[in-house]
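For reference, the chains in residue letters:
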Amino acid sequence: MVTVLNRWFVVAKFSQLVRRDPDPVRLPSSAVHAKEMGSLSTACGIPCETWPKWWDRPFYAEDWERCEDCLAIVERG
Ligand SMILES: [Zn+2]
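Calculation criteria
- Residues take numbers from 1 onward in each chain, read along the sequence in its written order.
- Given that the model is predicted, a residue must reach a pLDDT of at least 70 before its local features are reported, and side-chain atom pairs must reach 80 or more before they are shown or counted; all residues, however, enter totals for whole chains, interfaces and linings.
- Secondary structure elements are taken from DSSP: a helix is a run of H or I of four residues or more, a strand is a run of E of two residues or more, and numbering for both begins at the N terminus.
- As a rule, residues whose C-beta atom has 12 or fewer other C-beta atoms within 10 Å are exposed, those with 20 or more are buried, and those in between are partly exposed; C-beta atoms are placed from the backbone.
- Here, residue contact means that the backbone-derived C-beta atoms of the two residues sit within 7 Å.
- For two strands to pair, DSSP has to find at least two bridges joining them.
- By definition, a nonpolar core groups buried Ala, Val, Leu, Ile, Met, Phe, Trp, Tyr and Cys residues that are joined through C-beta atoms within 7 Å.

Asker: I'm lost on the environment of C44 in this one. Help?
Answerer: Note on placement: C44 falls in the loop between β4 (32-36) and β5 (53-58). Owing to 17 C-beta atoms within 10 Å, C44 belongs among the partly exposed residues under this scheme. C-alpha separation for the pair C44 and C70, spaced 26 residues apart in sequence, amounts to 5.2 Å. Residues in contact with C44, not counting those within four places in the same chain, are H33, C67, D69, C70 and I73.

Asker: Can you walk me through the pairing of strand β2 (residues 15-18) in this structure?
Answerer: Side-chain direction in a regular strand flips from residue to residue, so the side chains alternate between the two faces of the sheet. In terms of strand pairing, β2 meets strand β3 (residues 25-28) through 4 bridges, oriented antiparallel. When the bridges of β3 are listed, Q16 appears paired with L27. In this structure, the hairpin formed by β2 and β3 is closed by a connection of 6 residues.

Asker: Help me understand the nonpolar core in this model?
Answerer: Nonpolar side chains tend to gather and get buried jointly when the protein is soluble and globular. W8, F9, V10, V11, A12, V32, A34, A43, F59, C67, C70 and V74 form the largest nonpolar core, which has 12 residues in total. When residues of this core are traced back to their parent elements, those giving at least two are β1 (8-12), β4 and α2 (68-76). In terms of residue count, β1 provides more of this core than any other element does, 5 residues in total. Leave out the neighbours within four places in its chain, and A34 touches W8, T42, A43, F59, C70 and V74.

Honestly, it's all geometry; don't read function into it.
Rendered as structure tokens:
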């Protein structure tokens, strides 16, 4: 199950630099969507080629505000 869910990582339309020690980090500043490696759109069908991506962030593990449609699709597998 975990391997299936791990296919999905986080993208968001907007991001912001947040001051952190020692380096600032870029975090989503809008709802996050799920995206599969190699896909040009989010799980819910929005083109997201130009959006910032967090490849190291599995979508299911995030506590950021998540897209309900993406969440439903990811949970369905
Ligand atoms: Zn979505």
